[in-house]
Amino acid sequence: MRVIISGGGTGGHIFPAISIANALKEADSTTEILFVGAKGKMEMEKVPAAGYKIEGLPVAGFHRQINIRNIGRNMLFPFKLVASMFKAWSIVRSFKPDVAVGVGGYASGPVLRCAASAGVPCLIQEQNSYPGVTNKILAQKAKKICVAYPNMERFFSAEKIIMTGNPVRQQLLNSTTREEAAKEFGLDASKPVILVIGGSLGARSINNGISETLDILDDNVQLLWQTGKIYFEGVSNLLAKKKRENVKAMDFIKRMDLAFSIADVVVSRAGASSISELALLGKPSILVPSPNVSEDHQTKNAMALSNVGAAVLVKDADTKQLIEVAMRCLSNKEKLKELSDNIRSFAKPTAASDIAVEVRKLVVEKN
């Protein structure tokens with residue numbers, strides 16, 4: 001079986017895609033998988049690191065915020081789109097996939113449109129409670145749509161929808177200990193830990209909110225902080241100036257399994273993949289929805305949890321409250337247990353294998 005998996009742009013698209021690929025290989029080791037992503041985006045690094053081949057398209061998004069820089073970018077948009085369509089058509093013709101999978105992101109549009117035109121059955125995986133523009137368009141061509149939230153009939157044909165949940169990184173399920181994690185990050189296993197993860201690229205507002213309120217962090221509480229590459233130098237300089245030994249900053253945390261194992265409470269964006277991972281691990285969470293996403297879907301994701309006591313929601317404009325809110329949670333063991341128990345109800349541990357089953361079904365149905 002030959003499978004194209006397309007999409008990316010952020011870890012929230014890439015890591016689920018890799019999990020689906022791994023599940024397909026586990027079901028049948030002879031399965032051939034080709035990823036297609038956007039040139040210059042993080043999938044071009046992360047996918048080969050996971051052991052898979054990837055082709056890059058020159059595709060880029062259309063920027064809705066109007067400024068001089070974006071006007072110039074948007075003028076190039078139609079040319080990049082046409083070039084990407086030609087490249088995608090060439091990839092589909094040469095690879096001859098039996099099925100195509102789209103996980104969202106710029107590259108999935110051209111690839112799945114070309115695949116569908118060539119008679120290749122397509123499956124899309126929508127991670128959020130509010131779908132992006134690309135998946136809304138592709139849904140018309142897709143045979144199946146795997147979703148993680150209820151009531152998605154508002155956006156997609158009900159007969160195509162399959163509730164699978166979002167795949168998570170298998171690495172997170174590694175058996176780890178708090179002591180092992182403490183050694184990895186230079187922390188004290190006996191003291192509580194706040195883990196701050198603003199997404200794989202970092203989050204300026206979260207970093208600023210934490211930076212400006214570091215002085216209220218209790219000396220007996222530790223902070224493990226993924227800043228993102230472009231913010232790391234500034235945070236490092238701040239920590240050196242303040243001499244806060246109970247704060248450990250990293251540009252990117254590779255061993256997220258260890259980071260989660262030592263975290264007593266997690267501060268995170270409200271992307272679908274992040275929520276799925278937090279749910280699977282039952283982590284008490286403070287969610288800070290990004291305002292810079294289509295249709296404000298992260299707020300909708302976060303509200304789905306906060307409305308049932310499965311997470312605490314802090315608005316992006318209120319990030320100066322994060323340390324205070326996190327320490328308040330740490331001081332209330334009953335609250336931590338309630339958050340942990342409630343978020344676990346959102347977990348879908350077999351999502352990747354369930355999606356792999358649906359992918360394989362499409363090939364059988366075609367033949």
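Just checking my understanding: could you explain the overall build of the protein for this structure?
A count of helical and extended segments in the protein gives 14 helices and 13 strands. Against the compact-globule benchmark of 21 Å for 367 residues, the protein has a radius of gyration of 21 Å, which places it among compact chains. When its C-alpha atoms are laid out on the principal axes, the protein stretches across 60 × 45 × 35 Å. Relative to its full complement of 367 residues, the protein shows a buried share of 52%. Taking all contacts inside the protein whose residues are at least 6 apart in sequence as the whole, residues at least 24 apart take part in 66%. Accessible area of the protein: about 17000 Å², with a carbon and sulfur share of 52%. One finds the centroid of the 47 positive side-chain charges in the protein at a distance of 7 Å from the centroid of its 35 negative side-chain charges.

Where do I start with the pairing of strand β11 (residues 265-268) in this structure?
Moving residue by residue along a regular strand, the side chains alternate between the two faces of the sheet. Side chains V265 and V267 project from β11 onto one buried face, and the interleaved V266 and S268 project onto a second face that is buried too. In terms of strand pairing, strand β8 (residues 193-197) meets β11 through 4 bridges, oriented parallel. In the strand pairing of β11, V196 is matched with V267. Bridge count between β11 and strand β12 (residues 285-287): 3 bridges; the pairing is parallel. Its bridge partner lying in β12, V267 is registered against I286. What joins β11 to β12 is helix α10 (residues 272-281), and the crossover it makes is right-handed.

Please explain helix α14 (residues 351-366) as it appears in this structure.
Residue pairs spaced three or four apart in an α-helix point in one direction, given the helix's 3.6 residues per turn. The end-to-end C-alpha distance of α14 is 23 Å, a good match for the 22 Å that 16 residues give at a rise of 1.5 Å each. Within α14, burial applies to A351, A352, I355, A356, E358, V359, L362 and V363. For α14, the angular spread of the buried residues around the axis is 160 degrees, confining them to a single face. What points out from α14, more than 90 degrees from its buried face, is the exposed set V364 and E365.

Can you help me understand the state of the cysteines in this one?
When the sulfur atoms of two cysteines share a covalent bond, that bond is a disulfide. For the structure shown, the criterion picks out 0 disulfides. Cysteine C122 remains unbridged, with the sulfur of C114 as its closest cysteine sulfur at 10 Å. For C146, which is in no disulfide, the shortest distance to another cysteine sulfur is to C122 and amounts to 13 Å. Judged by relative accessible area, which is 0%, C146 ranks as buried.

Definitions and cut-offs
Residues numbered from 1 in each chain as written. Predicted model: local features only at pLDDT ≥ 70, side-chain atom pairs only at ≥ 80, totals over all residues. Heavy atoms only, no water. Helix = DSSP H or I, 4+ residues; strand = E, 2+ residues; numbered from the N terminus. Rg over C-alpha atoms; globule rule 2.2 N^0.38 Å. Buried < 20%, exposed > 50% of the residue type's maximum accessible area, 1.4 Å probe, protein only. Contact = heavy atoms within 4.5 Å. Areas by Shrake-Rupley, 256 points an atom, 1.4 Å probe, with all protein chains shown as cover. Lys, Arg positive; Asp, Glu negative; His and termini not counted. Charge placed at Lys NZ, Arg CZ, Asp CG, Glu CD. Pairing = 2+ DSSP bridges. Right-handed = clockwise from strand over helix to strand, strands pointing away. Expected span 1.5 Å × (residues − 1). Arc of directions from axis to C-beta. Disulfide = S-S within 2.5 Å.

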